[in-house]
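The chain contents come next:
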Protein chains: 2
Amino acid sequence: MKVVVNVFLKAGVLDSQGKAVHHALKSIHFENVSDVRVGKQIVLKLNESDEKKAMEDVTRMCEDLLANTVIEDYTIEIVK
Amino acid sequence: MKVVVNVFLKAGVLDSQGKAVHHALKSIHFENVSDVRVGKQIVLKLNESDEKKAMEDVTRMCEDLLANTVIEDYTIEIVK
């Protein structure tokens, strides 16, 4: 089973990486960009066929390791 | 308009970040993970209403800045 986790900074947390990308895009003349946020996408392949169990496992992975839940949010999508 | 860009290493390119996450997950007893790949997700807000123009602009942004097309692939999704 393939599971996609997207981890990104919570709204209100300064996204310095996003600011840097935004600044760089302006410097190469992309003027129509109003905001940029940069996050992580983690693609997991699991030896698991039960979607409910997979969702529980990946939620625990996010809480324990993949996301810093103080400043980051995450989404989990089972892709099969 | 909101556009989501996912940038990830091409298949066959060593994903050291993915390997490190995989190793860390094993060390906290997640044994059912067979592979981990880590990429970037970039969320762009554009002052643009024409989807075709937005797609062209973001493709050029990827080619010029957001992705290292030698070792990375990217997908572009217009989310509205």
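Chain A is annotated in an unreviewed UniProt entry as Phosphoribosylformylglycinamidine synthase subunit PurS of Sulfurimonas denitrificans. In its Sequence similarities (unreviewed entry) section, the UniProt entry covering chain A states "Belongs to the PurS family." Taken directly from UniProt, the Catalytic activity (unreviewed entry) text for chain A runs: "N(2)-formyl-N(1)-(5-phospho-beta-D-ribosyl)glycinamide + L-glutamine + ATP + H2O = 2-formamido-N(1)-(5-O-phospho-beta-D-ribosyl)acetamidine + L-glutamate + ADP + phosphate + H(+)".

**Q** What's the story with the interface of chain B and chain A in this structure? I'm lost.
**A** Many analyses report the size of an interface as the accessible area lost when the parts associate. Across the boundary between the two partners, chain B contributes 29 residues, which contact 29 residues of chain A. Considering only the side of chain B, the residues that lose the most area to chain A are F30(B), N32(B) and Q41(B), jointly responsible for 24% of the buried surface there. Our enumeration of links across chain B and chain A arrives at zero salt bridges. Summed over the shared surface of chain B and chain A, the result is 14 residue pairs in polar contact (both at pLDDT 80 or more).

**Q** Where do I start with helix α2 (residues 51-66) of chain A in this structure?
**A** Every α-helix carries 3.6 residues per turn, so stepping three or four residues along brings you back to the same face. All names here are of chain A. Counted at 1.5 Å a residue, the expected span for α2 with its 16 residues is 22 Å, but the 19 Å between its end C-alpha atoms falls short. Restricting attention to buried positions, one finds in α2 the residues A54, D57, V58, M61, C62 and L66. Along the axis of α2, the buried positions cluster into a sector of 140°, meaning they face one direction only. The opening residue of α2, the one whose side-chain oxygen lies 2.9 Å from the backbone nitrogen of K52, is D50.

Each value, and the rule that gives it
Residues numbered from 1 in each chain as written. Chains lettered and ligands numbered in written order. Predicted model: local features only at pLDDT ≥ 70, side-chain atom pairs only at ≥ 80, totals over all residues. Heavy atoms only, no water. UniProt positions renumbered as here; feature names shortened; annotations may be inferred. Contact = heavy atoms within 4.5 Å. Buried area = accessible area lost by both parts, 1.4 Å probe. Salt bridge = Lys/Arg side-chain N within 4 Å of Asp/Glu carboxyl O. Polar contact = N/O pair within 3.5 Å; in protein donor to acceptor, adjacent residues only side chain to side chain. Helix = DSSP H or I, 4+ residues; strand = E, 2+ residues; numbered from the N terminus. Expected span 1.5 Å × (residues − 1). Buried < 20%, exposed > 50% of the residue type's maximum accessible area, 1.4 Å probe, protein only. Arc of directions from axis to C-beta.

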